[in-house]
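Here are the chains, one letter per residue:
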Amino acid sequence: MKVDVTDYQKILNQIQSELSEVKVTGKVASYIPELAKVPADRFGMHLYNLEGESFCFGDSDARFSTQSISKVLSLALAMKTIDDDLWKRVGVEPSGAKFNSLSLLEDNFGIPRNPFINAGALVVADVLVSNFSNPKTAFLTFLHELTGDDSIAYDEVVAASEKSEGYRNFAMANYLKSFGNLENDVEEVLDFYFHQCSIAMSCKELAQAFIVFANKGKLLHSDRQFLTGQQVKRINALMLTCGFYDEAGEFSFEVGLPGKSGVGGGIVAVHPGHYAVAVWSPPLNPKGNSELGMAALERLTTLTGYSIF
């Protein structure tokens with residue numbers, strides 16, 4: 001059953017009501033010191049459809065640290081820049097292991113399994129450092145074009161916090177360098193990577209940014225083909241199979257949409273041809289995904305009666 005667009009707000013209201021009664025057992029991420037300071041009770045959701053209509057509840061306008069959600073956006077910029085050449089340096093398979101695994105990198109001779117684990121995102125960051133004289137500015141410009149909001153910016157405090165505890169990412173970047181799969185200076189690549197992950201956006205802004213993946217690569221309010229249809233198809237496929245670390249199968253099973261999570265408590269998902277939706281709740285389940293966010297998106301596809309399957 002396809003839901004009329006006028007029902008979305010009613011459905012989001014029901015989700016908010018149902019989940020407000022749930023006892024949350026997850027924990028706010030603490031390995032990045034600044035993330036540990038975020039109140040655990042923040043909760044918001046925003047759905048943006050192809051008609052340009054918005055539906056929301058709660059803290060949907062509050063900005064938070066996007067963390068690994070940003071990997072989808074940096075991947076899109078890298079594909080827009082070098083297209084299929086990217087796949088010579090990074091794979092497209094689910095990892096089946098932790099997002100910061102070093103052993104996988106050794107097993108695959110320096111080729112990360114996919115662009116959404118940390119090693120893969122570092123290779124993508126390296127691509128952007130190679131192709132832009134100022135990759136941090138280029139990435140912000142890309143986000144501003146996607147959302148139409150030029151106030152989106154890096155959270156310098158979060159970026160510094162990530163760097164202060166980023167020993168495993170330093171090890172990973174050096175390991176990639178040892179295999180010849182990092183072209184630039186390790187410090188420069190990591191500086192961009194930490195800033196990329198620190199991008200602060202709201203559920204509303206994330207839904208607006210991700211609507212391009214629901215609209216075959218076109219910006220919603222113009223006829224501009226921002227990404228090719230093939231690029232969007234591949235990004236959506238990667239979100240479906242690799243977007244939730246080693247819980248991607250569970251998300252596909254329960255929700256049935258391409259999506260991406262971040263340890264800041266955000267999740268973004270897209271229903272191609274219909275909408276993009278973002279949800280934020282900081283407490284994470286044992287796999288590192290937002291506990292309430294996963295539940296909210298399961299209720300969304302259950303209550304609407306359709307997913308991509």
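See above for the structure.
Conventions and cut-offs
- Residue positions are given per chain, counting from 1 as you read along its sequence in written order.
- Owing to the predicted nature of the model, reporting of local features is limited to residues with pLDDT of at least 70; listing and counting of side-chain atom pairs is limited to 80 or more, with chain, interface and lining totals taken over all residues.
- Heavy atoms throughout the structure, all of them, feed into the side-chain values; hydrogens and water do not.
- A strand pair is defined by DSSP finding two or more bridges across the two strands.
- Under the DSSP-based scheme used, a helix requires at least four consecutive residues in state H or I and a strand at least two consecutive residues in state E, with every element numbered from the N terminus.
- Pairing of aromatic rings covers Phe, Tyr and Trp, the last counted by its six-membered ring, and requires centre-to-centre distances within 6.5 Å; plane angles under 30 degrees mean stacked, over 60 mean edge-to-face, and any other angle means tilted.
- Type-normalised accessible area, obtained with a 1.4 Å probe on protein chains alone, sets the label of each residue: buried when under 20%, exposed when over 50%, and partly exposed for intermediate values.
- Whether a charge sits over a ring comes down to the Lys NZ or Arg CZ being within 6 Å of the ring centre and within 35 degrees of the ring normal.
- Every axis in this analysis is a line fitted to C-alpha atoms, fitted for helices over the stretch in contact. Angles between the N-to-C directions lie between 0 and 180 degrees.
- An angle below 35 degrees is treated as roughly parallel, one above 145 as roughly antiparallel, one from 65 to 115 as roughly perpendicular, and anything else as oblique.
- Crossing chirality is assigned from the near helix's rotation relative to the far helix, an anticlockwise turn below a right angle marking it left-handed and a clockwise turn marking it right-handed.
- It only takes one pair of heavy atoms within 4.5 Å for two residues to be counted as in contact.
- Gly falls in the polar group here, along with every residue not listed as nonpolar (Ala, Val, Leu, Ile, Met, Phe, Trp, Tyr, Cys, Pro) or charged (Asp, Glu, Lys, Arg).
- Between Lys or Arg on one side and Asp or Glu on the other, a salt bridge is scored when a side-chain nitrogen of the former is within 4 Å of a carboxyl oxygen of the latter.
- Side-chain atoms alone can form a polar contact between residues adjacent in sequence; in general such a contact is a pair of N or O atoms within 3.5 Å, and within protein one must be able to donate a hydrogen while the other accepts it.

(A) Layout of the sheet that holds strand 4 (residues 153-154). As summarised here, the arrangement of the three strands in space is 3-5-4, forming an open sheet in which the pairing is antiparallel. Two strands lie at the open edges of the sheet, namely strand 3 (64-65) and strand 4, each paired on one side alone. Across two bridges, strand 3 lies against strand 5 (residues 199-201) in antiparallel orientation. In the strand pairing of strand 5, Ser65 is matched with Ala200.

(B) Examining the packing of aromatic side chains more closely. Enumeration according to the criterion identifies eleven aromatic pairs in this entry. Taking the centre distance of 6.0 Å and the plane angle of 55° together, the rings of Tyr193 and Phe194 count as tilted. Here the two residues Tyr193 and Phe194 agree in accessibility, since each one is buried. Over the aromatic face of Phe226 sits the side chain of Lys80, whose NZ or CZ is 4.4 Å from the ring centroid.

(C) Region of the structure containing the packing of helix 2 (residues 70-82) against helix 10 (residues 229-242). At a closest axis distance of 11 Å, the pairing of helix 2 and helix 10 adopts a crossing angle of 150°. With respect to each other, helix 2 and helix 10 are oriented roughly antiparallel. Read as a crossing pair, helix 2 and helix 10 show a hand that is right-handed. Each of Val72, Leu75, Ala76, Met79 and Lys80 in helix 2 lies in contact with helix 10, whose residues at this interface are Gln231, Arg234, Ile235, Leu238 and Met239. By residue class, the composition of the contact of helix 2 with helix 10 is seven nonpolar, one polar and two charged.

(D) Here's a closer look at the pattern of salt bridges. Counted according to the given criterion, the structure contains eleven salt bridges. Within the structure, one salt-bridge network assembled from shared partners comprises Arg63, Asp149 and Glu205.

(E) How the structure looks around the environment of Ser74. Position of Ser74 among the secondary structure elements: in helix 2. A residue is classified by how much of its surface remains accessible, and Ser74, at 0% relative accessible area, is buried. In this structure the C-alpha to C-alpha distance between Ser74 and Cys197, which are 123 residues apart in sequence, comes to 9.7 Å. Apart from the residues lying within four places of it in its own chain, the contact partners of Ser74 are Val124, Leu128, Phe139 and Gln196. In terms of polar contacts, Ser74 uses its side chain to reach the side chain of Gln196, at 3.4 Å.

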